[in-house]
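# Coordinate inspection notes
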Amino acid sequence: MSRALPLLFVCLLACGRAAGGDPMRVVPTDVRAAVIAPSLVLLQARVSSFLAGVEGSSGVLDLIADRFALDLRTPEGPAALGLDADKALALFVHGDERVLVGAASVADRDRFLEGARARLEKGAGARLATAGDTLPEGRAWLFHGPGTPPRWHAALGVTTDGVGLLVLAAQAADAPPLDVLARFDTFSGGRLETSFATSDAAARARATAGPDAALLLVVDELLPPAPRSLGLARGIVQAQLDALPVFVGGLALPLGERGVESLALRLSAARVGEGARPAKGEAGSGALPVAWFTPPGSPEPLARAFPKTTTAFVRARVALDKVRALPGFVRDSVLPDRLPGLETAPLPALSDLIDMIEGDVAVALLGLDAGANLAHLAYAVGDTRRLLSVFHVALAARHRDLGLVTRTFSGIASQLETSGWAVAPIAQPAAEIAGRGGAWRGWSLARDGKHYAVLIDDELIVFILGAGEVDDFLAVKAGRALSLASFAEGASGPIADALGLGPRTATPGADTPSATPFGLTASPLRLTRELSARGLPPYFLKIINDVRLLAASVDLGADRLELALEIAL
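Residues numbered from 1 in each chain as written. Predicted model: local features only at pLDDT ≥ 70, side-chain atom pairs only at ≥ 80, totals over all residues. Heavy atoms only, no water.

### Overview of the overall build of the protein chain
Summing up its helical and strand segments, the protein chain has 19 helices and 22 strands in all. The buried share among the 569 residues of the protein chain stands at 49%. (Helix = DSSP H or I, 4+ residues; strand = E, 2+ residues; numbered from the N terminus. Buried < 20%, exposed > 50% of the residue type's maximum accessible area, 1.4 Å probe, protein only.)

Below is the structure:
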């Protein structure tokens, strides 16, 4: 069946030039997984414009044209196949039977059926099982996939109102493909009473994706199950996940001055009882735990402290006052003694760190170690200790008490110095400070080839693993280098939200608006330069370097969860 999937859309595109039917008519209102292009011509134009900004990506469209005879490289390409490109194109999973259905606008039925048949037989190795007028007033064919017994079956047909349908089902599917196809047909006497095109779910998908949506999406069971490592808390977390069964949204490709310069994926899920429906009969209760992810203060200082050359930056908001309020035996049973992967680093115990910091924390990948090569990188995959010897990493958090943090790490530095470590103080002159939070002060710590640094200002504490990184933080503070926050200047919502710099939304029950709880940004420029210097072939690095920034954020409300992903060129 996997060989047939790439051909599904291609089969649906072998149609005539005149206007055909509306494929969105056949998408059920309660669809749980769907990809819908409201306008194929819009999708083709925006995707082509986006790929034009990524060096080497034109080969993707060349491959599709050569392999499937579908030319998406120019606006005239789809029209050459007789496609009504102004209409929608849909791919969805039908009900609980888990059969895959594709729908497209068809004007010339014979041309569509013959073209799709040729692609199924020659491209996917299918063999014709039944042909002819198997449905009243219409033609539908049944195919068996390769293998004995066949691994999949396919039904192909055209409705009387000009919608071409292709149904793919695994051998063990509950419903035969022809039966599924007949349910969507007007000539079989069974019109769909409801359609996704006019549903509330479609309206929410359009609103979430925005006016530049090239694809509308419905995704069932998007969130993974709660990890078993949560112990007793797993049941509570799983109930919250079950209450967010279906995400809707879309893929937006907005036009800029130089064409399409970014790709934005936006999805949202409402709680059961607030516009969404239960998953498999299950329903959650109560509101989402927003209070656990809305600590006082702002995450803004984090992005303003890190250099713009940071490779990856992940931040989170956690109301640690609620963690501190837990009984000691509960905290001890849930939390590890030390930060996982950093057991040997000169850091306080995790419980002590929680007492020192507030709820905005970040983990950042800075770049490669100066002594690392490609062989070290290959051996380090999957081994946390080796990875930390290859990559430079930084941990940061907003502290609660400057005096407590300073005394704690001053004590650690003194103990390490008496144990043979090389300890040197860090003191940035106050006269050169251009940023907020005052000057950095702290210590550099080194022994046996391991290098650490601690930086503390009036707002943050930053712990750095790897030599040579402190100067970049000092330069940002002094205004001699750009910070991560500079990515948000003139940027779209997802980028600013990911950095914790977006417009803060009002949270019910909170005294002040709250930034998005989770954010991730990744900029490959530093890492690709370092990999290139170590001999990695430049072709792949050039493609990656065309991506200026990848940003992702998670927003949380009492009755909703929103995910956003943006790739900016």
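### Details of the nonpolar core
One finds Phe 306, Ile 464, Phe 473 and Leu 499 to be the most contacted residues of the largest nonpolar core, which totals 32 residues. For this core, the secondary structure elements donating two or more residues are helix 9 (300-305), strand 14 (357-368), strand 15 (391-399), strand 18 (450-456), strand 19 (460-465), helix 16 (470-478), helix 17 (493-499) and strand 21 (549-557). For this core, the leading source of residues is helix 17, giving four residues. Setting aside chain neighbours within four positions, we find Leu 499 in contact with Ala 303, Phe 313, Arg 315, Leu 484, Phe 487, Ala 488 and Thr 521. Core analysis: the second largest hydrophobic core is formed by 30 residues, Val 26, Ala 34, Val 167 and Leu 216 among them. (Core = buried A, V, L, I, M, F, W, Y, C linked by side-chain atoms within 4.5 Å. Contact = heavy atoms within 4.5 Å.)

### Quick notes on unusual backbone geometry
The phi dihedral of Asp 448 falls on the positive side, at around 50 degrees, and the residue is not glycine. Inspection of the secondary structure puts Asp 448 in the loop between strand 17 (441-447) and strand 18. Classification of Asp 448 by relative accessible area gives exposed; the value is 71%.

### Topic: helix 16
Burial of helix 16 is extensive: seven of the nine residues sit out of reach of the surface. On its buried side, helix 16 packs onto helix 9, strand 14, strand 15, strand 16 (422-427), strand 18 and strand 19. Where helix 16 ends, the next residue or the one after it, Gly 479, has phi of about 80 degrees, a positive value.

### So, helix 18 (residues 525-533)
Each turn of an α-helix holds 3.6 residues, which means side chains three or four residues apart point in the same direction. Within helix 18, the full set of buried residues consists of Arg 526, Leu 527, Thr 528, Glu 530 and Leu 531. Where helix 18 ends, the next residue or the one after it, Gly 535, has phi of about 100 degrees, a positive value.

### A word on the side chain of Ser 48
Looking at where Ser 48 falls in the secondary structure, it is placed in helix 2 (residues 40-52). Within the structure, Ser 48 has its side chain in polar contact with the backbone oxygen of Gln 44 (distance 2.9 Å). (Polar contact = N/O pair within 3.5 Å; in protein donor to acceptor, adjacent residues only side chain to side chain.)

### A short note on the pairing of strand 13 (residues 312-317)
Pairing geometry for strand 13 and strand 14, over six bridges, is antiparallel. Its bridge partner being in strand 14, Ala 316 is matched across the sheet by Val 361. The pairing of strand 13 with strand 20 (residues 518-522) spans five bridges and is classified as antiparallel. Directly across from Ala 312, in strand 20, lies its bridge partner Ala 522. (Pairing = 2+ DSSP bridges.)

### Some remarks on the packing of aromatic side chains
Throughout the structure, instances matching the rule amount to five aromatic pairs. Ring centres of Tyr 452 and Phe 463 lie 5.7 Å apart, and the angle between their planes is 25 degrees; on these two criteria the pair is classed as stacked. Within this pair, whereas Tyr 452 is found in strand 18, its partner Phe 463 is found in strand 19, the two being separated by 11 residues in sequence. Here the two residues Tyr 452 and Phe 463 agree in accessibility, since each one is buried. Every member of this aromatic cluster is reached through a ring pair, and the members are Phe 306, Phe 313 and Phe 473. The ring of Phe 487 carries the charged tip of Lys 308 above its face, separated from the ring centre by 4.8 Å. (Phe/Tyr/Trp six-rings, centres within 6.5 Å; stacked < 30°, edge-to-face > 60°. Lys NZ or Arg CZ within 6 Å of the ring centre and 35° of its normal.)

### Considerations on the side chain of Thr 311
Inspection of the secondary structure assignment puts Thr 311 in the loop between helix 9 and strand 13. A polar contact of 3.0 Å, which involves the side chain of Thr 311, links it to the backbone oxygen of Leu 366. Discounting residues that sit within four places of it in the chain, Thr 311 has contacts with Leu 365, Leu 366, Gly 367, Thr 521, Ala 522, Ser 523, Arg 526 and Leu 527.

### A short note on the pairing of strand 12 (residues 262-270)
Of all nine residues that make up strand 12, seven are buried, and the element is covered over most of its length. Bridge count for strand 12 against strand 22 (residues 560-568) is nine bridges, and the pairing is antiparallel. Following the sheet pairing, Ala 264 is matched in strand 22 by Glu 566.

### A word on the confidence of the model for the protein chain
Summarising the model, the protein chain shows a mean pLDDT of 79, and 78% of its residues fall at 70 or more. Per-element confidence in the protein chain ranges from a low mean pLDDT of 48 for helix 1 (residues 5-12) to a high of 96 for strand 19. Under a pLDDT of 50 for its full length, residues 2-10 has, in the predicted model, 24 contacts with residues more than four places off or in other chains. (pLDDT = per-residue confidence, 0-100.)

### Focus: the pattern of salt bridges
Across all of its chains, the model carries 12 salt bridges by this definition. Ionic pairing is found between Arg 400 and Glu 358, a salt bridge with its closest N-O pair at 3.9 Å. With Arg 400 in the loop between strand 15 and helix 15 (402-418) and Glu 358 in strand 14, this residue pair connects regions lying 42 residues apart in the sequence. Look at Glu 358 and you get buried, because its relative accessible area is 11%. Between Arg 526 and Glu 469 there is a salt bridge whose closest N-O contact spans 2.7 Å. In this pair, Arg 526 sits in helix 18 while Glu 469 sits in the loop between strand 19 and helix 16, placing the two residues 57 residues apart along the sequence. Each member of the pair, Arg 526 as well as Glu 469, carries the same accessibility label: buried. A cluster of three or more residues bridged by salt bridges with shared partners is formed by Arg 317, Asp 360 and Arg 398. (Salt bridge = Lys/Arg side-chain N within 4 Å of Asp/Glu carboxyl O.)

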